[in-house]
Amino acid sequence: MTRLILSTGLVVGLGVLVMLPAAAPAQPPPRPPPPVPRKADEELVERVRKGIDGGVRFLKSKQNRTTGNWEGIVLNFFVNMEGGTTALATLALLNAGLTEKDESVRKALDYLRTLPPQKTYVVGLQNLALAEARQPKDLPIIQRNADWLVDQAIGLRSGKLEGWSYPSGGTLGDGSNTQYALLGLYAAKQAGAKVDDRVWRAILEHYTRTQVKPTNTTGAWKYHNSPLDPGVSFTMTVAGVCGLRIAGMGLDESTQGLDPATGVAANCGVYAENDAVARGMNWIAANFSFDSGKSIFYNVYGIERLGRLSGERFVGRYDWYREGCEYLLRAQDPGTGAFTKNRGIDAAEVLSTSFAVLFLTKGRTPVLVSKFAWGASRHPASGAFQEVGVGPKGEVSWNRKHNDCRHLVEFASKELFKGAPLAWQVYDPRRQSLETDQAILNEVGVLVQSPVLYLNGHGAIPFVGLQGEGLTTQEKILQKYVEEGGFIFAEACCGDETFTKSFRALMKRLFPANELRPLPESHAIWTAHFRDPGLAQFAGLEGLEKGCRTVVAFSPRPMAGYWEEHKYMPSGRPPSPQGSPTYRGEMAYKVAGNVIAYATGLELPKPRLTRTVLVDPNAPDRGPRRGQFQPAQIRTGEGEPAPAALRNLMGHLRDKYRLEVSLKTEALYPGDDAIFKHKFLYLHGRKQVEFAEYDVENLKAVLQTGGLLFADASCNGIAAWKQFDESFRRACVKLFPDAPLQVIPADDPLYSAKLNGGAPLTQVRCRREKADGSGPETELRSYAPYLEGVKVDGRWAIIYSKYDVGCALEGHKSADCLGHDRESAMRIASAVVLYSLRR
């Protein structure tokens, strides 16, 4: 029988994913490279997509078409490890988006369903693959496997868990088998199988007990919990932290001591694993390396799991997913699509490619909610990151709830986005060096891909500067995030009054012209998705409006305690009766669901690594030079709606079409003679518009001499939308009584490929009125563009969109908005500008 000896006493055969991890590096690895430029980010997104496609193509090419498995590709069957490679490859294909409708997946799953439980690795991976397939018929197999894994746990019956082995009949488990047993158990629980809480408590105790005690390697784990083990291991430390996270998530009963009537927790922020997780994460950050262990690809997949479970975008100062993608793509064969390295088990292409595809696909999941980390911190000489002001039981002010964000995203995925895979992350600006405005702008360009920024906690927010002082870096990030279309959702954990006072002060500093106010009953948030009278229990919800919409929602009443516990999630079961112990908790979930629906406009976020190119409003610009295009925004006495819309549009035209444009937008009243300097005028309407006679004279003179007025109705609710739409139509009649506003036909040059960079403008994504006129459609849909115009001397002098463009150009979106998504708005506005330049 073929076999490969990797180290003394350790054999790796087909499907055996075991390797003795190498000792940790003696010195911390070099610091990460500087942030990649924006263009490189855009290229990386596409390279990752192609890398996944290539990996999938390779795995399918190596499948046995008769049996549906991958057994025998690397080595022959070995000591009952049959099925391990197939389970891993199947899991990779499922995570890449394939389903049982695909023949290769269907055959592989049929094969896996025939396997009896024999070895820990295979059973754990079998459960992972079957749970990912989401087929109810597989639940009995998944439950059988979970029961088998519990039976094989060493020492569980005696009350002192020692982990899992192959099994071998010994009294000592190993870290690698243990982590795959744990993964199989948690996959079973997620699929609906029963795993007793005593198992999760035993796992928590095991990992806490076996962590290396305070020495120079504080926070690490070994492969074997034995004095004979040569040293600590990076891969097993990753497994240890993940094990603590998963075991904590597996418990049905929370230890927070929540009062369901008030939402206040007696033990808020206290978790048994707090100290062990913090020490483990610091050790990993100080010793971070993609090259650790006997298998690089095994290690990289572990890092992905660590990042996903912790929610951390950065491990230490490492942007683990971005840098991991670059690392893996360098190891891919561009011809075959396989990922491999010419060393040991990493030369086994099916195993290595499966691990790589899992990293690329799972880490790429769009981030719906980012949890904002705040508070005092320090970076000792060792490079480890330390929170300052941690409570006596490990409580961290900004993270008193470990599962709130994860549960909210799970709930939103099921209830709002039809089960689409979505992720959450911790966003911690304290771990970065953002010393310039451009660095902050670049960072916000990444962060804004996460449409909701969640901020909660206990105590005062320390980065809120004193009145009269300039904004801190963290404040600038929050301010810019909102200005570029992001939405802040905040909550005072346990109703903490100090946090409430601090958060309100923060909003006042960031947006001095706006104010947090209680949301009226008529606000769209209360009906954005769920329409339940029980939502009134949280009627104290506050909002801050800026420009086209509400951009901040804040609850001074406690809700996160309910989000922390899965049992309150009203998904997949009948609602609880009013007055029951779970009713208020269910309403807290529904309020959060409505906030997320409003904030996103029910648009899915883009995959991780996507970056929005932002225009710096403070960039040097000496005003319009000869031949430079500069638009003007028409003011109508209601401030300057969508002030960033033209700036973002000009930046897009500069970057895509290489136009000489000015990023400085001049806002003028129509009666101002300065409008004669401009040939492109933009009007973004939120309320009724009325032009006086001298306004009409000025505008008409500009439009009759080659100028163009582009107008759109803001997404500011149905009533305001109708008010502006009707008044603007009257204004057009006043301007040109003999030239009616008419629909611009589909074959007009405005939509042509010649004018639009080679791609005709034939489809846009837009939310329009329901057929019965009762309000906006629930979702964005694809439509042919709908623009109207007024022709003067054979050309369009006025172009009007009754569906919002300006708010979308700013990145704002909401579920009550009649308007376009950002990409469609940019295409429409670009086409109008390019049309105006035709002579």
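Residues numbered from 1 in each chain as written. Predicted model: local features only at pLDDT ≥ 70, side-chain atom pairs only at ≥ 80, totals over all residues. Heavy atoms only, no water.

Participant: What exactly am I supposed to notice about empty space enclosed by the protein here?
Facilitator: Rolled over the atoms, a probe as big as a water molecule pinpoints where empty space is left. What the rule picks out here adds up to eight cavities of 30 Å³ or more. A volume near 170 Å³ is recorded for the largest cavity. Together, 15 residues line the largest cavity, and Val 367, Gln 425, Val 446, Arg 608 and Leu 609 are the ones closest to its centre. If you list the elements that add at least two residues to the lining of the largest cavity, you get helix H11 (320–329) and helix H14 (437–447). (1 Å grid on protein atoms, 1.4 Å probe; cavity = no way out; pocket = protein on both sides within 12 Å on 5 of 7 lines; lining within 4 Å. Points joined across faces, edges and corners; volume = space filled by probe spheres on them. Helix = DSSP H or I, 4+ residues; strand = E, 2+ residues; numbered from the N terminus.)

Participant: Explain helix H12 (residues 349–363) to me, please; I cannot follow it from the model alone.
Facilitator: Since the α-helix advances by 3.6 residues per turn, residues separated by three or four positions end up pointing in the same direction. The terminal C-alpha atoms of H12 lie 21 Å apart, and with 15 residues this matches the ideal 21 Å at 1.5 Å per residue to within 8%. Here H12 lies mainly inside the structure; 14 of its 15 residues are buried. (Expected span 1.5 Å × (residues − 1). Buried < 20%, exposed > 50% of the residue type's maximum accessible area, 1.4 Å probe, protein only.)

Participant: Can you help me understand the sheet that holds strand E21 (residues 708–713) in this one?
Facilitator: As a general point, the strands of a sheet are linked pairwise by backbone hydrogen bonds and lie either parallel or antiparallel. Spatially, E19-E18-E20-E21-E26-E25-E22 is the arrangement adopted by the seven strands of the open sheet, whose pairing is mixed. The outermost strands of the open sheet, each flanked by one partner alone, are strand E19 (666–668) and strand E22 (742–743). Bridge count for strand E20 (residues 680–685) against E21 is six bridges, and the pairing is parallel. Residue pairing across strands places Phe 680 opposite Leu 708, the latter belonging to E21. On the sheet, helix H23 (residues 822–836) packs against E20, E21 and strand E26 (795–801) and is oriented at approximately 165° with respect to E21. (Pairing = 2+ DSSP bridges. Contact = heavy atoms within 4.5 Å. Axes fitted to C-alpha atoms, helices over the stretch in contact; angles between N-to-C directions.)

Participant: Sorry if this is basic, but what is going on with the environment of Tyr 669 here?
Facilitator: Turning to its location among the elements, Tyr 669 is positioned in the loop between E19 and E20. On the basis of relative accessibility, which here comes to 43%, the residue Tyr 669 falls in the partly exposed class. With 37 residues separating them in the primary sequence, Tyr 669 and Ala 632 have C-alpha atoms 9.7 Å apart.

Participant: Explain the pairing of strand E17 (residues 549–555) here, please?
Facilitator: Along any regular strand the residues' side chains alternate between the sheet's two faces. In terms of residue burial, E17 counts as a mostly covered element, since seven of its seven residues are buried. In this structure, strand E16 (residues 542–546) lies alongside E17, joined through five bridges in antiparallel fashion. Counterpart to Lys 546 in the pairing with E17 is Arg 549. Connecting E16 to the next strand, E17, in antiparallel fashion are two residues, including Gly 547 with a positive phi near 65°.

Participant: Teacher, can you tell me more about the packing of aromatic side chains here?
Facilitator: Within a pair of aromatic rings, the relevant descriptors are the distance that separates the centres and the angle that separates the planes. Here the structure, examined in full by the defined rule, presents 33 aromatic pairs. With a centroid separation of 6.4 Å and an interplanar angle of 35°, the aromatic rings of Phe 234 and Trp 283 are classed as tilted. Within this pair, whereas Phe 234 is found in helix H8 (residues 234–250), its partner Trp 283 is found in helix H9 (residues 274–286), the two being separated by 49 residues in sequence. For Trp 283, a relative accessible area of 6% puts it in the buried group. On the basis of an interplanar angle of 65° and a centroid distance of 6.0 Å, the ring pair of Tyr 454 and Trp 563 is categorised as edge-to-face. Of this pair, Tyr 454 sits in strand E13 (residues 452–457) while Trp 563 sits in helix H17 (residues 560–563), and the two are 109 residues apart along the sequence. Among the aromatic side chains, those forming a connected cluster through ring pairs are Tyr 121, Tyr 166, Tyr 180, Tyr 298, Tyr 301 and Phe 355. A cation sits over an aromatic face here: Arg 305 above Tyr 180, 6.0 Å from the ring centre. (Phe/Tyr/Trp six-rings, centres within 6.5 Å; stacked < 30°, edge-to-face > 60°. Lys NZ or Arg CZ within 6 Å of the ring centre and 35° of its normal.)

Participant: Can you help me understand the environment of Arg 201 in this one?
Facilitator: Within the secondary structure layout, Arg 201 lies in helix H7 (residues 197–210). Residues Arg 201 and Leu 251, spaced 50 residues apart in sequence, show a C-alpha to C-alpha distance of 7.6 Å.

Participant: It is not clear to me how the sheet that holds strand E24 (residues 781–783) should be interpreted in this structure. Could you clarify?
Facilitator: One open sheet accounts for three strands, arranged E24-E23-E27; its pairing is antiparallel. One side of each edge strand has no neighbouring strand; the edge strands of this open sheet are E24 and strand E27 (819–820). The sheet contact formed by strand E23 (residues 764–767) and E24 spans three bridges and is antiparallel. Note on E24: the bridge partner recorded for Val 764 is Tyr 783.

Participant: Would you mind going over unusual backbone geometry with me for this structure?
Facilitator: Negative phi is the rule for most residues except glycine; trans is the rule for most peptide bonds. A cis amide bond links Tyr 166 to the next residue, Pro 167, at an omega of 10°. For Cys 494, which is not glycine, the phi dihedral falls at a positive 55°.

Participant: Would you explain the pattern of salt bridges in this entry?
Facilitator: Side-chain pairing between opposite charges can occur once the charged atoms of the two side chains come close. By the definition in use, this model includes 39 salt bridges. Across the pair Arg 113 and Asp 138 runs a salt bridge, and its minimum N-O distance is 2.6 Å. One end of the pair, Arg 113, is in the loop between helix H3 (103–112) and helix H4 (120–133); the other, Asp 138, is in the loop between H4 and helix H5 (139–152), and 25 residues separate them in sequence. Among the residues examined, Arg 113 registers a relative accessible area of 16% and is labelled buried. The partner of Arg 729 in a salt bridge is Glu 788, and the shortest N-O contact between them spans 2.8 Å. Residue Arg 729 is located in helix H21 (residues 718–735), and its partner Glu 788 is located in strand E25 (residues 788–792); the two are separated by 59 residues in the primary sequence. On the accessibility criterion, Glu 788 (5% relative accessible area) is buried. When salt bridges that share partners are traced, they join Glu 100, Asp 110, Arg 113 and Asp 138 into one network. (Salt bridge = Lys/Arg side-chain N within 4 Å of Asp/Glu carboxyl O.)

Participant: Please explain the pairing of E20 as it appears in this structure.
Facilitator: Across the six residues of E20, six count as buried, placing the element largely inside the fold. A two-sided burial pattern is seen for E20, the buried positions comprising Phe 680, Tyr 682 and His 684 on one face and Leu 681, Leu 683 and Gly 685 on the other. Here strand E18 (residues 632–634) runs beside E20; their pairing, made up of two bridges, is parallel. Bridge assignment links Gln 633 to a residue of E20, and that residue is Tyr 682.

Participant: For this particular structure, what's the right way to read the layout of surface pockets?
Facilitator: Here the second largest pocket defines a volume of roughly 1,600 Å³. Around the second largest pocket, the lining is made up of 45 residues, and of these Lys 606, Thr 610, Thr 612, Arg 822 and Glu 823 lie nearest the centre. Of all the secondary-structure elements, those providing two or more residues to the lining of the second largest pocket are helix H1 (38–61), helix H19 (645–657) and H23. The residue inventory of the lining of the second largest pocket, partitioned by class, reads 14 nonpolar, 12 polar and 19 charged. (Nonpolar A, V, L, I, M, F, W, Y, C, P; charged D, E, K, R; others polar.)

Participant: Help me out: how do you make sense of the packing of helix H10 (residues 296–310) against H11 in this one?
Facilitator: A pair of packed helices is characterised by two quantities: the angle between their axes and the separation of those axes. The geometry of H10 relative to H11 is characterised by a closest axis approach of 10 Å and an angle of 160° between their N-to-C directions. Here H10 is positioned roughly antiparallel relative to H11, judged by the angle of their axes. Between H10 and H11 lies a crossing of left-handed hand. Contacts between H10 and H11 pair Ile 296, Phe 297, Val 300, Ile 303, Glu 304, Gly 307 and Arg 308 from the former with Trp 320, Tyr 327 and Leu 328 from the latter. When the residues that make up the contact of H10 with H11 are grouped by side-chain class, the tally is seven nonpolar, one polar and two charged. (Parallel < 35°, antiparallel > 145°, perpendicular 65-115°, else oblique. Left-handed = near helix turned anticlockwise from the far one by under 90°.)

Participant: Hey, could you run me through the confidence of the model for the protein in this one?
Facilitator: Atom-level detail of predicted coordinates should not be read off regions where pLDDT is low. For the protein, the mean per-residue pLDDT works out to 87, and 89% of the residues sit at or above 70. For residues 1–39, every residue scores under 50 in pLDDT, and the model assigns this stretch 102 contacts once sequence neighbours within four places are set aside. Predicted confidence is poor over residues 73–78, with pLDDT under 50, and the contacts of this stretch with residues over four places away or in other chains come to 22 contacts. (pLDDT = per-residue confidence, 0-100.)

Participant: Which parts of the structure should I look at to understand the packing of H11 against H12?
Facilitator: As a packed pair, H11 and H12 sit with axes 10 Å apart at the nearest point and diverge in direction by 145°. The interaxial crossing formed by H11 with H12 has left-handed handedness. Residues Trp 320, Tyr 321, Gly 324, Cys 325 and Leu 328 of H11 touch H12, and the partners they reach there are Ala 356, Phe 359, Leu 360 and Gly 363. Each residue belonging to the contact of H11 with H12 can be placed in one class, and the counts come to seven nonpolar, two polar and no charged.

Participant: Help me understand the side chain of Ser 450 in this model?
Facilitator: Counting through the fold element by element, Ser 450 comes out in the loop between H14 and E13. Accessibility expressed as a relative area gives 4% for Ser 450, which makes it buried. A polar atom in the side chain of Ser 450 sits 2.9 Å from the side chain of Ser 370. Dropping the residues within four chain positions of it, Ser 450 is found in contact with Val 367, Leu 368, Val 369, Ser 370 and Tyr 481. (Polar contact = N/O pair within 3.5 Å; in protein donor to acceptor, adjacent residues only side chain to side chain.)

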